[in-house]
Amino acid sequence: MDRQPELRELNFERRPPEEMQHRAADYYELMARRRTVREFAPDPVPPGVIENAIRAAGTAPSGAHKQPWFFCVVRDAALKHEIRLSAEKEESLNYGGRFPQEWLDDLAIFGTDDVKEYLDIAPALIVVFKQNYQEVDGVRHKNYYVNESVGIAAGMLIAALHNAGLASLTHTPSPMGFLNSILGRPKNETPILLMPVGYPKAGTKVPDLQRKSLSEVMKEY
Ligand SMILES: Cc1cc2nc3c(=O)[nH]c(=O)nc-3n(C[C@H](O)[C@H](O)[C@H](O)COP(=O)(O)O)c2cc1C
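Let me begin by describing the structure that accompanies this report.

Thoughts on the overall build of the chain
- In terms of regular secondary structure, the chain is built from eight helices and six strands.
- Ordered by position in the sequence, the α and β elements of the chain form the string α-α-β-α-α-α-β-β-β-α-β-α-β-α.
- Along the first, second and third principal axes, the C-alpha set of the chain runs to 55 × 50 × 40 Å.
- Per-residue burial over the chain gives 26% buried out of 221 residues.
- Counted over contacts in the chain with a minimum sequence separation of 6, partners at least 24 positions apart contribute 83%.

If you want it as structure tokens, here you go:
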């Protein structure tokens, strides 16, 4: 049986080529300034900014429009501290031998270790969960391309936060199952990112990284 989708008019603005070129260049300039920050100021974030960034993330495309994501925003100091303690427990195992030597060598330039002070200091932590399946009235429903869909949404979230003037850290103190228990999330969800969000601490330095050039990441046919 064919199901007819309900259709509505597409809201699409066709722009003059020059304006498109400017917008593309401006957006690249904006995004080129985004950096992962590992030292935060404790200053609170203006109301609504994180919420709208999450709304923007929620506009991401997703397999069969299942929107298989969930975002927890943690501002409570006691909860942030509980998350820090659990993250540090996992990271001390990671840095203490669970990561292979090659991984530790690759991390050396970042000077990261198992101390995660920023989980206390950043004014907000956003935890991004993927929903491996959905359960409605006890019945399991499939989600499709979950990793791809949530990865796209997470990228849009990072871009939206940066566009609003906030810094973030894409953090993965894996395994992160402790976030389900601390935040009371159901078993169909798996945390994929634990993101401190806020303003960079004054004077923060970041690794002097080079990004791949266009010719290294693109080939035209
Ligand atoms: C999936 C993923 C996981 C990451 N996990 C961590 C992490 O646990 N700790 C950390 O300090 N940085 C982490 N990073 C940040 C990367 O180190 C950072 O994005 C990379 O060095 C490039 O720097 P930039 O974001 O400033 O361009 C992660 C990034 C990604 C995409």
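Considering the packing of helix α2 (residues 49-57) against helix α6 (residues 146-164)
- Where α2 meets α6, the axes come as close as 8 Å, and the angle between the chain directions of the two elements is 145°. Handedness of the α2/α6 crossing: right-handed. The segment α2 lies against α6, with V49, A53, I54, A56 and A57 engaging A153, M156, L157, A160, L161 and A164.
- Split into classes, the residues belonging to the contact of α2 with α6 amount to eleven nonpolar, no polar and no charged.

What to know about the pairing of strand β4 (residues 139-142)
- The pairing of strand β3 (residues 133-136) with β4 spans four bridges and is antiparallel. Residue pairing for β4: V136 is matched across the bridge by V139.

Quick word on α2
- Three or more residues of α2 are buried, namely I50, A53, I54 and A57. Projected onto a plane normal to the axis of α2, the buried residues spread over an arc of 100° and lie on a single side. Exposed side chains of α2 directed beyond 90 degrees from the buried face belong to E51 and N52.
- For α2, the secondary structure elements touched by its buried residues are β1 (69-74), β2 (124-131), α6 and β6 (189-198).

Some thoughts on the site of the ligand
- In the region of the ligand, the neighbouring residues are R35, T36, R38, F110, T112, L169, T170, H171, T172, V206 and L209.
- Its residues assigned to classes, the shell around the ligand comprises four nonpolar, five polar and two charged.

Focus: the nonpolar core
- L125, I126, V128, L157 and V197 are the most contacted members of the largest nonpolar core, which totals 38 residues.
- Secondary-structure elements contributing two or more residues to this core are α2, β1, α3 (77-98), β2, α6 and β6.
- Of all the elements, α6 adds the most residues to this core, at eight residues.
- The residues contacting L157, other than those within four sequence positions of it, are A53, I54 and A57.

Looking at the sheet that holds β2
- Strands sit in the order β1-β2-β6-β5 across an open sheet of four strands; the sheet is antiparallel. Sheet topology places β1 and β5 (167-168) at the edges, where each strand pairs with a single neighbour.
- Inspection of the sheet shows β2 paired to β6 by eight bridges, in the antiparallel sense. Residue K130 lies in a different strand from β6, and its bridge partner there is T190.
- Strands in contact with α2 are β1, β2 and β6; relative to β1, the strand with the most contacts, it is inclined by about 170°.
- Packing of α6 onto the sheet brings it into contact with β1, β2, β5 and β6, and relative to β2 it is tilted by some 160°.

Observations concerning α6
- The end-to-end C-alpha separation of α6 is 27 Å, in line with the 27 Å expected for 19 residues at 1.5 Å each.
- Where α6 is buried, its residues meet α2, β1, β2, β5 and β6.
- One or two steps after α6, the chain reaches G165, where phi turns positive at roughly 105°.

Let's talk about the environment of V128
- Mapped onto the elements of the fold, V128 is located in strand β2.
- With 24 C-beta atoms counted inside 10 Å, the residue V128 sits in the buried group.
- Taking the C-alpha atoms as reference points, V128 and F70, 58 residues apart in sequence, are found 6.0 Å from one another.
- Once residues within four sequence positions are removed from consideration, V128 is found in contact with W69, F71, V150, A154, P191, I192, L193 and M195.

Calculation notes
Residues numbered from 1 in each chain as written. Predicted model: local features only at pLDDT ≥ 70, side-chain atom pairs only at ≥ 80, totals over all residues. Helix = DSSP H or I, 4+ residues; strand = E, 2+ residues; numbered from the N terminus. Buried ≥ 20, exposed ≤ 12 C-beta atoms within 10 Å, placed from the backbone. Contact = placed C-beta atoms within 7 Å. Axes fitted to C-alpha atoms, helices over the stretch in contact; angles between N-to-C directions. Left-handed = near helix turned anticlockwise from the far one by under 90°. Nonpolar A, V, L, I, M, F, W, Y, C, P; charged D, E, K, R; others polar. Pairing = 2+ DSSP bridges. Arc of directions from axis to C-beta. Near = placed C-beta within 6 Å. Core = buried A, V, L, I, M, F, W, Y, C linked by C-beta atoms within 7 Å. Expected span 1.5 Å × (residues − 1).

All we've got here are geometric facts, nothing functional implied.
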